[in-house]
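In case you want the letters, here they are:
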There are 4 protein chains.
Amino acid sequence: MKIEFDEKIPIYLQIMKAIKQEIATANLKAGDKLPSVREMAEILKVNPNTVQRAYQELEREQITYTQRGMGTFITNDVQKLKSLKKEMAMELVTSFVNEIKNLGFNMDEIIEIVKESLEREVK
Amino acid sequence: MKIEFDEKIPIYLQIMKAIKQEIATANLKAGDKLPSVREMAEILKVNPNTVQRAYQELEREQITYTQRGMGTFITNDVQKLKSLKKEMAMELVTSFVNEIKNLGFNMDEIIEIVKESLEREVK
Amino acid sequence: MKIEFDEKIPIYLQIMKAIKQEIATANLKAGDKLPSVREMAEILKVNPNTVQRAYQELEREQITYTQRGMGTFITNDVQKLKSLKKEMAMELVTSFVNEIKNLGFNMDEIIEIVKESLEREVK
Amino acid sequence: MKIEFDEKIPIYLQIMKAIKQEIATANLKAGDKLPSVREMAEILKVNPNTVQRAYQELEREQITYTQRGMGTFITNDVQKLKSLKKEMAMELVTSFVNEIKNLGFNMDEIIEIVKESLEREVK
DNA sequence: GTGGTCTAGACCACT
DNA sequence: GTGGTCTAGACCACC
């Protein structure tokens, strides 16, 4: 796992997001062990406390759980994991749609520019 | 102008964004006068320093200019204003497309969920 | 505010508890400002980060809210504050009753020893 | 013996407590043999090291003793066992009374809510 | 001045 | 080796 850190956003949030993406794309699955706090800190060239913070918040969101002295693991609640992907997508889409509407685009125009953008990526 | 402030994002950024949206939707046009710092602060129930900061940044981006003793005005550079809308849209779209791809969706799925989301809004 | 720290329990939890007690006893009321992180750290002879952690958790429990650059305040949700005292009392009582029952005491005996204990305190 | 483990409290402490409760309720009596470390670990679905630690601490408190090759036994010091129950009860009561007072309840109120709680349990 | 984040380094308890 | 907590000290953005 590599992350291009955006200076403007707290690192621990970016770590959380990266892990959630790994889950959404099924690179991380139910029950999988995350790298230890220290390992992950090493990998990301970041202070262990920062990783600790990210793991802590993930646990609070019940995306992970920790076993004392054993490590941190992805939750076994498969339902939770499924809905996670859906939720993340929904949040992205609705906030995008809202914002773009605020700029005064109508439905057809929105579809249009999304398509354009996608085609550009292909090239 | 009313803003639902998101506590997690700097208020001055949210003010800037709102003003840019007003421009994009042509509610604010070239040469229009913005409310004075104090008025705006009053309207938004916000510290005048915060409005000041927003205006300052807008000027740095050459979206507004100030005339001593007269107030702050939208730039007369119509070209600038047109490209503003385009830029904002492009930024929204590309970042959205990137993020949603990171969740493992492919092009067709993306178009699909955007359409779904738009239809839901209509109802 | 002074706290006799119990070495065995995380300091930030003890700070949270102390603040909750201040609320329960109405020493802190809705809207009151808490000492700044640094002030409180000074008062309690504790690292600011530790106070920060306590304040953060209190905010997550919606017992406080923060205003950027202004400080940390007790929530204005009076209902929340009322229920807080009740909840804390309930939790104490039920866990106490459960534990003491586990030791094999019956209802009359429990009442008895509580009374004894209270009388002893009086002297 | 089954234990609902609270993740936040050291498991060995919870095991110790459970055993003490068995003693207090006379399910375990002077001279009784405890399950072997391995058996207990099997029963509780716990690491043997953890059980080992619990047994060790109980011995340090002179609540149990071990006989080489024979196993771990409840002490024969009946006096010790009797006082154990009393001590545990006292500790529970005094800490409960202190805490509830800190919430601003007076003696009558305390008796009142304990009674309420007990009646609720009966139903 | 205010809270928020981060690093560096340390100690502890649990497995 | 694992996570959890704490200190010390620093920098930043916001009001």
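Please read these numbers as outputs of a predicted model, since none were measured by experiment.

Each aromatic ring pair is described using two quantities: the centre-to-centre distance and the angle formed by the ring planes. Tallying each qualifying case throughout the model produces six aromatic pairs over all chains. Relative to F96(B), the ring of F96(A) has its centre 4.2 Å away and its plane inclined at 5 degrees; by these criteria the two rings are stacked. Highlighted residues: F96(A) in helix α4 (residues 78-102) and F96(B) in helix α4 (residues 78-102), drawn from two different chains. Measuring from centroid to centroid gives 5.6 Å for Y65(C) and F73(C), while their planes differ by 25 degrees, and the two rings are stacked. Over the face of the ring belonging to F105(B) we find K85(A), whose NZ or CZ atom lies 4.8 Å from the ring centre.

Residues and elements named next belong to chain A. In terms of domains, chain A is made up of domain 1 (11-76) and domain 2 (79-122). With centres defined by C-alpha atoms, the gap from domain 1 to domain 2 works out at 27 Å. Contacts between domain 1 and domain 2 engage eleven residues on the former and five residues on the latter. In total, about 650 Å² of surface goes out of reach between domain 1 and domain 2, with carbon and sulfur atoms giving 81% of it. In terms of surface lost to domain 2, no three residues of domain 1 exceed K20, I23 and A24, which account for 48% of the buried area on that side. Counting across the domain 1 and domain 2 interface gives zero salt bridges. Along the contact surface separating domain 1 from domain 2 lie one residue pair in polar contact (both at pLDDT 80 or more). Looking at the side of domain 1 that touches domain 2 element by element, the count peaks at four residues for helix α1 (residues 11-24). Here the side of domain 1 that touches domain 2 is built from residues that sort into five nonpolar, three polar and three charged.

Each of the two copies of the chain can be brought onto the other by a rotation about an axis and a shift along it. When chain A is brought onto chain C, the operation consists of a screw motion whose angular component is 180 degrees and whose axial shift is 0.0 Å, with 0.0 Å RMSD remaining. A rotation of that kind, with that shift, is consistent with a two-fold axis. A share of 100% of interface residues in chain A that are also interface residues in chain C marks the association as one of identical surfaces.

Side chains on a regular strand alternate between the two faces of the sheet. Residues and elements named next belong to chain D. The pairing of strand β1 (residues 64-67) with strand β2 (residues 71-74) spans four bridges and is classified as antiparallel. The residue of β2 that forms the bridge with Q67 is G71. Joining the antiparallel neighbours β1 and β2 is a turn of three residues, in which G69 adopts a positive phi near 75 degrees.

Taking the UniProt record as the reference, the feature "domain: HTH gntR-type" (unreviewed entry) is found at residues 9-77 of chain A. As annotated, residues 9-77 of chain A has a helix share of 51% and a strand share of 12%, and its two end C-alpha atoms lie 29 Å apart.

A separate point is unusual backbone geometry. Residues and elements named next belong to chain A. With a phi angle near 65 degrees, A26 is a residue other than glycine that sits in the positive phi range. Mapped onto the secondary structure, A26 falls in the loop between α1 and α2 (37-44). A26 sits in the partly exposed class, given a relative accessible area of 37%. One non-glycine residue, K45, lies in positive phi territory at about 55 degrees. We classify K45 as exposed; its relative accessible area is 69%.

Glancing now at the packing of helix α2 (residues 37-44) of chain C against helix α3 (residues 48-60) of chain C. Residue and element names in this part refer to chain C. Running from amino to carboxyl end, α2 crosses α3 at an angle of 115 degrees, the nearest separation of the two axes being 8 Å. The handedness of the crossing between α2 and α3 comes out as right-handed. Counted together, V37, M40 and A41 of α2 and P48, V51, Q52 and Y55 of α3 form the full contact between these two elements. Looking at the contact of α2 with α3 residue by residue, the class counts come to six nonpolar, one polar and no charged.

A few words on the protein's contact with DNA strand F. Lining the immediate environment of DNA strand F, one finds 27 residues, of which Q52(A), P10(B), I11(C), N49(C) and T50(C) sit closest. For DNA strand F, the backbone portion of the atoms within 4 Å of the protein, that is sugar and phosphate, comes to 71%. The contact in question runs from a phosphate oxygen of DNA strand F to an N or O atom on the side chain of S36(A), over 3.5 Å. Between DNA strand F and the protein, one listed contact pairs a phosphate oxygen with a side-chain N or O atom of Y12(C) at 3.2 Å. Contributing elements (two or more residues each) for the surface near DNA strand F: α2, α3 (48-60) and β2 (71-74) of chain A, α1 (11-24) and α3 (48-60) of chain B together with α1 (11-24) and α3 of chain C. Class assignment of the residues belonging to the surface near DNA strand F gives a composition of ten nonpolar, twelve polar and five charged.

Cut-off values and rules
Residues numbered from 1 in each chain as written. Chains lettered and ligands numbered in written order. Predicted model: local features only at pLDDT ≥ 70, side-chain atom pairs only at ≥ 80, totals over all residues. Heavy atoms only, no water. Phe/Tyr/Trp six-rings, centres within 6.5 Å; stacked < 30°, edge-to-face > 60°. Helix = DSSP H or I, 4+ residues; strand = E, 2+ residues; numbered from the N terminus. Lys NZ or Arg CZ within 6 Å of the ring centre and 35° of its normal. Domains from an automatic or database assignment. Contact = heavy atoms within 4.5 Å. Buried area = accessible area lost by both parts, 1.4 Å probe. Salt bridge = Lys/Arg side-chain N within 4 Å of Asp/Glu carboxyl O. Polar contact = N/O pair within 3.5 Å; in protein donor to acceptor, adjacent residues only side chain to side chain. Nonpolar A, V, L, I, M, F, W, Y, C, P; charged D, E, K, R; others polar. Least-squares fit on C-alpha atoms with pLDDT ≥ 70 in both. Pairing = 2+ DSSP bridges. UniProt positions renumbered as here; feature names shortened; annotations may be inferred. Buried < 20%, exposed > 50% of the residue type's maximum accessible area, 1.4 Å probe, protein only. Axes fitted to C-alpha atoms, helices over the stretch in contact; angles between N-to-C directions. Left-handed = near helix turned anticlockwise from the far one by under 90°. Near = heavy atom within 4 Å.

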